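# Topology and contacts: notes
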Amino acid sequence: RRDVYFARLQQKGARLAAASAARRRGVRLMIARAAKAEFMATHGGVPRLFDHAELARLNAARPAHDQLELAGSSPGLLRHHCCFPQCPHFLRDMRSANDRAVEAAGKRAGIAARRRGLMMGHFRWFHWPDRDYQRGLHATAIELLKRRPELLQRKAEFVAVATERLQATRSSMTLATLERLLGLIWESYWQGGARDTREA
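Residues numbered from 1 in each chain as written. Predicted model: local features only at pLDDT ≥ 70, side-chain atom pairs only at ≥ 80, totals over all residues. Heavy atoms only, no water.

### Side note on unusual backbone geometry
Going from Ser-74 to Pro-75, the amide bond is cis rather than trans, its omega being -5 degrees. Cis geometry is found at the peptide bond from Trp-128 to Pro-129, where omega equals 0 degrees. Mapped onto the elements of the fold, Pro-129 is located in the loop between helix H4 (116–122) and helix H5 (137–147). If you check the backbone angles, Leu-91 has positive phi at about 65 degrees while not being a glycine. Secondary-structure assignment places Leu-91 in the loop between helix H2 (52–59) and helix H3 (97–109). (Helix = DSSP H or I, 4+ residues; strand = E, 2+ residues; numbered from the N terminus.)

Below, the structure is given as structure tokens:
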């Protein structure tokens, strides 16, 4: 009888501990979602695209240690700076201390620059607690527009083709959201340096 009593007591303790842990997780999740909502208020839609000419103008007025750099082709996103115009940290250098150390070593050893300060620090709310990030979204869209410039004249076709290419890697992002963001990228690509191509 005593053994049964202690077994039931242990089971009750385990249930209470599990319930307490679940409540703590719920509170953490609620706080995280509130922080994410605040972040998304200034990071909705798509970031601004930059081209080489605009970077040259902007860098002329920036210190040597904080120059803007494209992450890929032009027009495109910046390597270490937030490109969302409504963000309080718009165009602020987001490199972490580790990013800077790797970059300094890379200049000597040919190591590729890291972007953890921006992607896993500043942009962490795109990944958690609910994933709102489509890997390769901008790269795929911009590459498609460069390879098929005629799509600058046909937004609906561009969205359809790009959506098909991204479907295999689409995470929790809804199809409607993916199509909306691709439409915004199409518009921002034109604003970021493809005007002449589109009007030709």
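### Structural notes on the packing of aromatic side chains
Enumeration over the complete set of coordinates arrives at five aromatic pairs. Ring plane angle 85 degrees and centroid distance 6.1 Å describe the contact between Phe-84 and Phe-123, whose orientation is recorded as edge-to-face. Taken together, the residues span a long stretch of sequence, with Phe-84 in the loop between H2 and H3 and Phe-123 in the loop between H4 and H5 at a distance of 39 residues. The same class applies to Phe-84 and to Phe-123, which are both buried. (Phe/Tyr/Trp six-rings, centres within 6.5 Å; stacked < 30°, edge-to-face > 60°. Buried < 20%, exposed > 50% of the residue type's maximum accessible area, 1.4 Å probe, protein only.)

### Digging into the nonpolar core
Burial of nonpolar side chains together is a common tendency in soluble globular proteins. If you look at the biggest cluster of nonpolar residues, it comprises 21 residues, and the most contacted ones within it are Leu-137, Leu-144, Leu-145, Phe-158, Leu-178, Leu-182 and Tyr-189. Among the secondary structure elements, those contributing two or more residues to this core are H5, helix H6 (155–166) and helix H7 (175–199). The leading source of residues in this core is H7, at six residues. Apart from the residues within four sequence positions on either side, Leu-145 is in contact with Leu-151, Leu-152, Phe-158, Trp-186 and Tyr-189. (Core = buried A, V, L, I, M, F, W, Y, C linked by side-chain atoms within 4.5 Å. Contact = heavy atoms within 4.5 Å.)

### What to know about the layout of surface pockets
When its volume is computed, the largest pocket comes out at roughly 850 Å³. Along the wall of the largest pocket there are 36 residues; nearest its centre are Leu-77, Met-119, Tyr-133, Gln-134 and His-138. Considering each element in turn, the lining of the largest pocket owes the most residues, five residues, to H5. Residues belonging to the lining of the largest pocket are distributed by class as follows: 19 nonpolar, 12 polar and five charged. By volume, the second largest pocket is sized at about 160 Å³. Every residue lining the second largest pocket is listed: Glu-38, Phe-39, Thr-42, His-43, Cys-87, Pro-88, His-89, Gly-121, His-122, Arg-124 and Trp-125. Of the residues belonging to the lining of the second largest pocket, the class tally is four nonpolar, five polar and two charged. (1 Å grid on protein atoms, 1.4 Å probe; cavity = no way out; pocket = protein on both sides within 12 Å on 5 of 7 lines; lining within 4 Å. Points joined across faces, edges and corners; volume = space filled by probe spheres on them. Nonpolar A, V, L, I, M, F, W, Y, C, P; charged D, E, K, R; others polar.)

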